[in-house]
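Residues per chain, in single letters:
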Amino acid sequence: MTIVLSGLALGAVYALVAIGYNIVFISSSTFNFAQAQLMMVGTFVAYTGLVTWDLPVIVVALLAAAVVAVIAGIEDLTAVWPVKDRHTQLVTTLGVATLLGGACQLIWGNQPLSVPFLSYNDPVDFLGGRTYPVELALIAAAVLLVAVLTWLSKRTMLGQALIGISEDTEAATLRGISVRKLALGAFVFSGALAGVLGLLVGPKTFAVATLGTALAIKGFVALAIGGFGSLPGCLIGGFVVGLAESLTALHWGAQYSSLMVFAVLLVLLLARPTGLFGRTAERVV
Amino acid sequence: MKIGSITKSVVLVGAASVVLAGCAGSNDAGGGGGGDDTYDVMVTAGLSAQGVLAANAQTSVLAAKAGAKVINEQGGIGGKQVELTVVDDGGDPTTAVTKLREAINSGDKPDLFLDSGPSTIAMAVLPVLKQNKILSFNISPAEGTDDPSKFPLNFDLAPGPDANNKGIAQFAKQQGYNDIGILHSNSGSGEAYGTAAKEQITAAGMNVVGIETFDTASLDMTPQLLSLKNAGAKVLVLDAYGAPLGHVLDNMQRLGWDVPIIGETTVSATNLIAKTPPDGVLGTPKVDNLVTQVFQSTVYDPDNEAVNEMVETMAGLGEITTTLILADNYDPFFLVAAAAEKTGNTDPEDLAKALTTDDVLDSAETAFLPRYNFTEDSHAANPDADAFQYVAPTKLVNGQFGNPEA
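Procedures and definitions
Residues numbered from 1 in each chain as written. Chains lettered and ligands numbered in written order. Predicted model: local features only at pLDDT ≥ 70, side-chain atom pairs only at ≥ 80, totals over all residues. Heavy atoms only, no water. Helix = DSSP H or I, 4+ residues; strand = E, 2+ residues; numbered from the N terminus. Buried < 20%, exposed > 50% of the residue type's maximum accessible area, 1.4 Å probe, protein only. Contact = heavy atoms within 4.5 Å. Pairing = 2+ DSSP bridges. Axes fitted to C-alpha atoms, helices over the stretch in contact; angles between N-to-C directions. Core = buried A, V, L, I, M, F, W, Y, C linked by side-chain atoms within 4.5 Å. Buried area = accessible area lost by both parts, 1.4 Å probe. Salt bridge = Lys/Arg side-chain N within 4 Å of Asp/Glu carboxyl O. Polar contact = N/O pair within 3.5 Å; in protein donor to acceptor, adjacent residues only side chain to side chain. pLDDT = per-residue confidence, 0-100.

Enquirer: I'd like to hear about unusual backbone geometry, residue by residue, with values.
Expert: Most peptide bonds are trans, and most residues other than glycine sit at a negative phi. Residue and element names in this part refer to chain B. Although it is not a glycine, K133 sits at a positive phi angle of roughly 55°. Take K133: it is sitting in the loop between helix 4 (119–131) and strand 4 (135–138). Looking at K133, the relative accessible area reads 47%, which means it is partly exposed. The phi dihedral of N373 is positive, around 60°, even though this residue is not glycine. As for its placement among the helices and strands, N373 is situated in the loop between helix 13 (358–363) and strand 11 (388–391). Looking at N373, the relative accessible area reads 18%, which means it is buried.

Next up, the structure:
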């Protein structure tokens, strides 16, 4: 059970990155390559707030949300919106990712920094396994976030508007929805979310300038397994990646972990090209 | 935008990012220093790289600057003052080769080349150095870098995996350990450490119950540790560097696995173990069972004059931010000076030959390692057993463990 919990916690981290990818994708069909780096910035702000400045957790959460939301907003205004072509946006958002990695290294240095979790993070027994409180919090946060965001997308006008944009931007515009404002809002929201989540991810991963790169690819695989546009898919995809990685390492050795993750992805995409929860869009040709 | 095309694009951009990352990070100008009246030394380092690599590169460059300063005060090399050129290779082999070629093509090729790792840099620049007959010292031993038949003018400064693990096996045997598990990274040097650890521990008559690897980007090593625990390991020999070391220590605690840990030099090169919480893990139960392999020069000793001169000179030139385990580049100046003293010239082939003789190795006033023991058949650093020490982590003072002022 210890391995299952560790795999689920790892998967929750990937799922949280995938959720960020998805929020932006649903609102603007943009794949934000810098999403994992935004979360990385969140871990560094969490470190500064909690350790360097010794601020209360709630203040640090607000600070991290504000800082990363502003960065995400600037990214949208400078690297996404002026670039109309979606393929080119992948390159510009990758550029932002590289810049954020370099900036973090300049500001916070090269050594891994420990981000404390609520001043308590000794291992605990849970369901017959051993885990850390922060890992349980990560799993709970991923599940809760998916539940809340799914509910919001189905039950609120804002959520309906975002889904409308993802289905047909032109039709949504004709219905009076401000596509541009909502896309910017989604970018800022995903940034704020990444900032807050930095407080949970940091204690698991350390705040380190290479974190974004480590999370970006696995977060993308989680998204591809779950299906673009599906929030529950992000969660399941993340857990599949985390469990595949952990169980493979235990039984066959870590050298096969990444291989297994990509094998699962390939097999799944061959069977369901849109991912587990993705939908195929029909069009007249 | 179709999902399929996004997937393809992301894969393409991912591949491009690897290439771009490889190309990034060059800025400092290359080129040699002065002319025939100076002894031109070029040192490349990943100063703009990410992660602990950059911090270690800074220490490596600081050591080279200190070595150049001290040797110049002693009269230089072969009567010539040393002129040091520092080049930022960003930790990228392509950049390192480009900068080296620029220096060679400028018509003022360096007399001596020092790299600051990783081993991919050494493997990339060594053929160029060989082609241009440039004497070189390398801090990241890899397959063949110490072989004079392949690279006759190159010498490895850091002891290779075999030498390190011979020391570890000797220490483990003295402690009465047996049933040893090995955990190492999947990097080139990590794999070499793992193989050497298994060979040396087995050769010393102890039992290796399992050997596991981890990806350097991995965030959790619980499965590997559980495998070793289930295999019956009573001691862990560990190669881990940077954040992965933190994950290993966290995961050991999660499993409640309370066995002695012998850290390779990679462990002592990570500052996490030398800082108290919240910045690090020093003083926590996570490091209660940890000892790490270090060089004699990485441990404070008020009576070691050569080491203290190295440390004071380095500290006078800049802040030492990592352990002195990365200060290899201090010593080449003294090795070459002793060789030049013997040969009476600075011809690279003559110097290389002299560097394998006992009188040069005895007279070289090195500090990082007391004696290198290069031979005609092997240009590997092969220090005597007393060059290594095994210490519990303490706070660092000027890159050294065990300073009472810590």
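Enquirer: Talk me through the environment of L269 of chain A; I want residue IDs and the actual numbers.
Expert: Residues and elements named next belong to chain A. Note that L269 resides in helix 11 (residues 257–271). A C-alpha to C-alpha distance of 9.5 Å links L269 and G227, two positions 42 residues apart in sequence. The residues contacting L269, other than those within four sequence positions of it, are A224 and G275.

Enquirer: Break down the sheet that holds strand 10 (residues 290–295) of chain B for me, with residues and values.
Expert: Residues and elements named next belong to chain B. Taking strand neighbours across the sheet as the criterion, the 6 strands line up as 7-6-8-9-10-11 in an open arrangement whose pairing is mixed. For this open sheet the edge positions go to strand 7 (208–214) and strand 11, each flanked by a neighbour on one side alone. The average angle at which neighbouring strand axes cross in this sheet is 20°, direction not considered. Here 4 bridges tie strand 6 (residues 180–185) to strand 8 (residues 235–238), and the two strands are oriented parallel to one another. Within the sheet, the bridge partner assigned to I180 lies in strand 8 and is V235. Sheet contacts for helix 5 (residues 161–175): strand 6, strand 8, strand 9 (261–263), strand 10 and strand 11; angle to strand 11, the most-contacted strand, approximately 55°.

Enquirer: Residue-level account of the nonpolar core, with values.
Expert: By size, the foremost hydrophobic cluster in this structure holds 89 residues, and its most contacted members are L135, F137 and F333 of chain B. Element by element, the count of residues in this core is highest for helix 2 (residues 52–73) of chain B, at 9 residues. Counting residues in hydrophobic clusters, the runner-up holds 87 residues, among them A79, F187, L235 and L265 of chain A.

Enquirer: An account of the interface of chain A and chain B is needed here, citing residue identities and associated values.
Expert: On the side of chain B, 49 residues touch chain A, which itself brings 47 residues to the contact. Summing both sides of the interface, chain A and chain B together bury roughly 4000 Å²; the carbon and sulfur share of this comes to 65%. Per-residue buried area on chain A facing chain B is highest for N110, Q111 and F206 of chain A; these three make up 14% of the total on that side. With its nearest N and O atoms 2.9 Å apart, the salt bridge here joins D220 of chain B to K204 of chain A. The tally of links from chain A across to chain B stands at 9 residue pairs in polar contact (both at pLDDT 80 or more). At 8 residues, helix 4 (residues 86–108) of chain A tops the list of elements feeding residues into the side of chain A that touches chain B.

Enquirer: Describe in detail the confidence of the model for chain B, supporting the description with residues and values.
Expert: When pLDDT is low, close inspection of the predicted coordinates is not appropriate. Residue and element names in this part refer to chain B. Per-residue confidence for chain B gives a mean pLDDT of 85; residues scoring 70 or more make up 90%. No element of chain B has a lower mean pLDDT than helix 1 (residues 3–23), which averages 45, and none a higher one than strand 8, which averages 95. Contacts for the low-pLDDT stretch residues 10–34, under 50 throughout, to residues beyond four places or in other chains number 50 contacts. Across the interfaces of the predicted complex, the ipTM metric reaches 0.81, alongside a pTM of 0.77.

Enquirer: Before we move on, can you summarise the sheet that holds strand 2 (residues 81–88) of chain B with the specific residues and values?
Expert: Residues and elements named next belong to chain B. Taken in spatial order, the 5 strands line up as 2-1-3-4-5 in an open sheet, and their pairing is parallel. A single partner strand is all that each edge strand has here, and the edge strands are strand 2 and strand 5 (154–156). Taken over all neighbouring pairs, the strand axes of this sheet differ in orientation by 20° on average, direction set aside. Sheet strands in contact with helix 4 are strand 1 (38–45), strand 3 (112–115), strand 4 and strand 5, and its direction is about 170° off that of strand 3.

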